[in-house]
Amino acid sequence: MTQQELETIYEALAKAIDAIEDGQRELYLAKLALALVETLDDLPRAMAVIEECRTGLVEPGAAGSKK
Amino acid sequence: MRPAGRGELDSLYFDYPHFDPPSRPASEEPCPVAIVGAGPVGMVAALTLAQHGLRCVLLDNKATFNDGSRAICISRSSFHILDQLGVVARFLDKSLGWTLGRSFFRGRQILEFAMPDSANEKFRPMYNLHQQYIEAFLWEAVAQSPLIEARWQSEVVALEAAPGQVTLGVQDPNGRYDLQAQWVIAADGARSAVRRLCGLRLKGDNHEGRYVIADVQMAHDYPTIRRALFDPASRPGGTVLIHRQPDDIWRIDYQLHEGESVEEAMREESVRASVSGVLREIGHEGGWDLEWWSVYSANTLLLDDYRHGRVFFAGDSAHIVPIFGVRGLNNGIADAHNIGWKIAAVIKDQAGDALLDSYTPERRGATLDVFANATKSTRFMTPPSHGWRIMRDAALSLALTRESAGALANPRQMTPYSYADSPLTAADDEGFASGPVPGAMVQDVALADGYLSDRLGKDFTLIAFGAPALPDQPGLSVVSLPSTGAAAETYGAQEGSAYLIRPDLHIAARWRQASSEKIRKALESVMAQARKTA
């Protein structure tokens, strides 16, 4: 994937998350993840990405965190 | 429970019979088998024993059938058992067969699933019938059998095991007496007195989520299709199940919210308000009557061993399973049918005592199989935590546009458990490329004149394709089928192939090329392998 393509996806996601009403965003992201991994059609890579994204999350209470 | 002003047995559609306590002799001979509990499981056990020529005494502490419609889904495999026992006609006549389920998410249909069915099947995958009728139809056969002596209002209050027999202390309105039996089948339900008297306990887990199950009577125009409503407007965040039963009775199961008090939810006004919300949501605008309600929570509990010396546990006394797999009643019926022929074979000295040791691995295995599937269904129906809930909702929401995600909402359908790992099941003949494997339940096939299942014997049956050499074995029924055609294809058979079917309709062994020696040895192995280890 080119840098330009990734930028396009990044922007589309940002806009989609903003467009979705409060309380629906987590559902949207879970649904998106499920749809993407199914499209990926590769169990080991899907499991690796699921683990990868658990790391480096913003600490609770830090700037940007909602909790 | 029933609405205010109506008695416990005051049903809108069913007249409960009243059974008097027995008039019994001052002294009696020991009986071969005592069955405790005259519910569906106990009655199937009694009818199975009677079919094999065995006498039994059937005890129940009530004066009538179980109250309320309780278990309503009877599976195809149970219908085959009822057919084998010669009692299926009344069930077919009254029940509602079905194959389809529909799932809705926030009011939109996201999935329609069909359970496997074909013209080769004598019975539909599932039938809905209130439990009272299940009991009433079994009772008609039990009452007619000269081999079954039913004693109502008879409570087992003591149990003493001795070599070769069990003594039950029985209390009825006329007093207390000892009943001696060679074998005992405990089919006395979730709160089994026999289990307690044996000092045994069910072990396992209680799951999150409670459901109210309510029956209402209404003229409602919808086919016999099971509906599952996820996150419906009437119960935000919860799940609702709707089943049609005969007599214009509809079963509504709805999940209680986390923290919702059961006591409050069980009040008549609460039930009426909740049901009314669900009915509005499914577009029912006419009137309705509340018939009966109860509360339910998903448990996976079972005994470590279904055999305790001369006592065998069958049905809810041995295992409590979540409702979502519709396996409570159906597995109980299969338990009873399984232990019935084995006890009969041992009493008639056709098999060693150790044949009975195959009961636990086979039927407890079936329960563990239900647990594995039902745990998935339960987690989907009643997500235990935030993570499970959000992914469940994501799958349901995705199913609106992707069929594949809808499959996650498909309740694990019941296929009868295979006894592939049972000590009674022979290793498979590697020559077969297809067909049901040893341990599986027999596969029905439409024949020119009826179905294969119609031709199975009451004891062991050999299904022979073409003309294999057959042993001269008393009690062995033979069904001869052509070595080509639909049946041979279903069974992966050629000229000379054969399947050996147990009395409980499971496949004991199969051969691509049968011989009378192989068949004789297999029969001996099923029965005598038991003797060796006795």
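Calculation criteria
Residues numbered from 1 in each chain as written. Chains lettered and ligands numbered in written order. Predicted model: local features only at pLDDT ≥ 70, side-chain atom pairs only at ≥ 80, totals over all residues. Helix = DSSP H or I, 4+ residues; strand = E, 2+ residues; numbered from the N terminus. Buried ≥ 20, exposed ≤ 12 C-beta atoms within 10 Å, placed from the backbone. Contact = placed C-beta atoms within 7 Å. Axes fitted to C-alpha atoms, helices over the stretch in contact; angles between N-to-C directions. Parallel < 35°, antiparallel > 145°, perpendicular 65-115°, else oblique. Left-handed = near helix turned anticlockwise from the far one by under 90°. Nonpolar A, V, L, I, M, F, W, Y, C, P; charged D, E, K, R; others polar. Pairing = 2+ DSSP bridges. Domains from an automatic or database assignment. Expected span 1.5 Å × (residues − 1). pLDDT = per-residue confidence, 0-100. Core = buried A, V, L, I, M, F, W, Y, C linked by C-beta atoms within 7 Å.

S.K.: Lay out the overall build of chain A in plain terms, naming residues and giving numbers.
M.R.: The helix and strand tally for chain A stands at three helices and zero strands. Scanning chain A from its N terminus toward the C terminus, one meets helices and strands in the order α-α-α. Evaluated residue by residue, chain A yields a buried proportion of 4% over its 67 residues.

S.K.: Describe the overall build of chain B, naming the residues involved and giving the relevant values.
M.R.: Summing up its helical and strand segments, chain B has 13 helices and 25 strands in all. Seen through its C-alpha atoms, chain B measures out along the principal axes to roughly 65 × 60 × 40 Å. A burial count over chain B gives 48% of its 534 residues as buried. Taking the contacts inside chain B whose residues are at least 6 apart along the sequence as the reference set, 71% of them involve residues at least 24 apart.

S.K.: Lay out the packing of helix α1 (residues 40-51) of chain B against helix α4 (residues 131-144) of chain B in plain terms, naming residues and giving numbers.
M.R.: The geometry of a pair of packed helices is captured by two quantities: the angle between their axes and the separation between those axes. All names here are of chain B. Closest axis-to-axis distance for the α1/α4 pair is 10 Å, and the angle between their directions is 25 degrees. Relative to α4, α1 is oriented roughly parallel. The handedness of the crossing between α1 and α4 comes out as left-handed. Across the interface between the two elements, P40, M43, V44, A46 and L47 of α1 pack against Q131, I134, E135, L138, W139, A141 and V142 of α4. Counted by class, the contact of α1 with α4 contains ten nonpolar, one polar and one charged residues.

S.K.: Residue-level account of unusual backbone geometry, with values.
M.R.: All names here are of chain B. The residue D231 is not glycine, and still its phi comes out positive at about 50 degrees. One non-glycine residue, L505, lies in the positive phi region at around 75 degrees. Tracing the chain through its elements places L505 in the loop between β24 (498-501) and β25 (507-511). You can call L505 buried: it has 22 C-beta atoms within 10 Å.

S.K.: How would you summarise the packing of helix α8 (residues 328-347) of chain B against helix α9 (residues 359-381) of chain B if you had to cite specific residues and measurements?
M.R.: Residues and elements named next belong to chain B. Running from amino to carboxyl end, α8 crosses α9 at an angle of 170 degrees, the nearest separation of the two axes being 10 Å. Classed by the angle they form, the pair α8 and α9 counts as roughly antiparallel. Residues N331, A334, D335, N338, I339 and K342 of α8 form the contact with α9, whose participating residues are Y359, E362, R363, A366, T367 and V370. Grouping the constituent residues of the contact of α8 with α9 by class yields five nonpolar, three polar and four charged.

S.K.: Residue-level account of the sheet that holds strand β7 (residues 126-128) of chain B, with values.
M.R.: All names here are of chain B. Reading across from one edge, β3-β7-β4 is the order of the three strands in this open sheet, with antiparallel pairing throughout. Only two strands of the sheet have a single partner each, and these edge strands are β3 (73-75) and β4 (96-98). Looking at each pair of strands side by side, their axes are set apart by 30 degrees on average, direction ignored. Pairing of β3 with β7, which is carried by three bridges, proceeds in the antiparallel orientation. Opposite S75, over in β7, you have M126 as the bridge partner. The strands touched by helix α2 (residues 76-84) within the sheet are β3 and β7, with β3 carrying the most contacts at an inclination of about 75 degrees.

S.K.: Help me get a handle on the domain arrangement of chain B, residues and values and all.
M.R.: Residues and elements named next belong to chain B. Domain annotation of chain B identifies domain 1 (31-96 + 128-203 + 301-351) and domain 2 (446-533). For domain 1 and domain 2, the distance between their C-alpha centroids amounts to 29 Å. Taken residue by residue, the interface counts ten residues in domain 1 and seven residues in domain 2. Counting residues per element, the ones that place at least two in the side of domain 1 that touches domain 2 are α2 and α8.

S.K.: Could you give me a rundown of helix α10 (residues 386-398) of chain B, with the residues and numbers involved?
M.R.: Each turn of an α-helix holds 3.6 residues, which means side chains three or four residues apart point in the same direction. The end-to-end C-alpha separation of α10(B) is 18 Å, in line with the 18 Å expected for 13 residues at 1.5 Å each. When α10(B) is considered as a whole, its buried residues turn out to be B:R392, B:D393, B:A394, B:A395, B:L396, B:S397 and B:L398. Packing partners of the buried residues in α10(B) comprise α2 (25-40) of chain A together with β5 (100-105), β6 (108-114), β13 (226-230), α9 and α11 (403-406) of chain B.

S.K.: Give me the lowdown on the sheet that holds β25(B), citing residues and values where you can.
M.R.: The strands that make up a sheet pair up through hydrogen bonds in the backbone, lying either parallel or antiparallel. Residues and elements named next belong to chain B. Spatial ordering of the open sheet is given by β23-β22-β24-β25, a layout of four strands whose pairing is mixed. Lying at the two open borders of the sheet, with one neighbouring strand each, are β23 (477-481) and β25. If you compare each strand with its neighbour and ignore which way they point, the axes differ by 15 degrees on average.

S.K.: Quick one: what's the story with the confidence of the model for chain B, residue by residue and with numbers?
M.R.: Low-pLDDT stretches of the model should not have their predicted coordinates read in fine detail. The predicted model of chain B has a mean per-residue pLDDT of 92, with 97% of residues at 70 or higher. Our summary of model confidence lists the complex with pTM equal to 0.91 and ipTM equal to 0.88.

S.K.: Pulling in residues and values, what's your account of the nonpolar core?
M.R.: All names here are of chain B. With 123 residues, the main nonpolar core has A34, I35, A45, A46, V184 and A314 as its most contacted residues. The greatest single-element share of this core, amounting to ten residues, is contributed by α8. Look past the residues within four positions of A45 in its chain and what remains in contact with it is I35, I185, A187, A314, A336, I339 and G340. In terms of nonpolar packing, the next biggest core, distinct from the first, is built from 32 residues, L456, I463, A509 and V526 among them.

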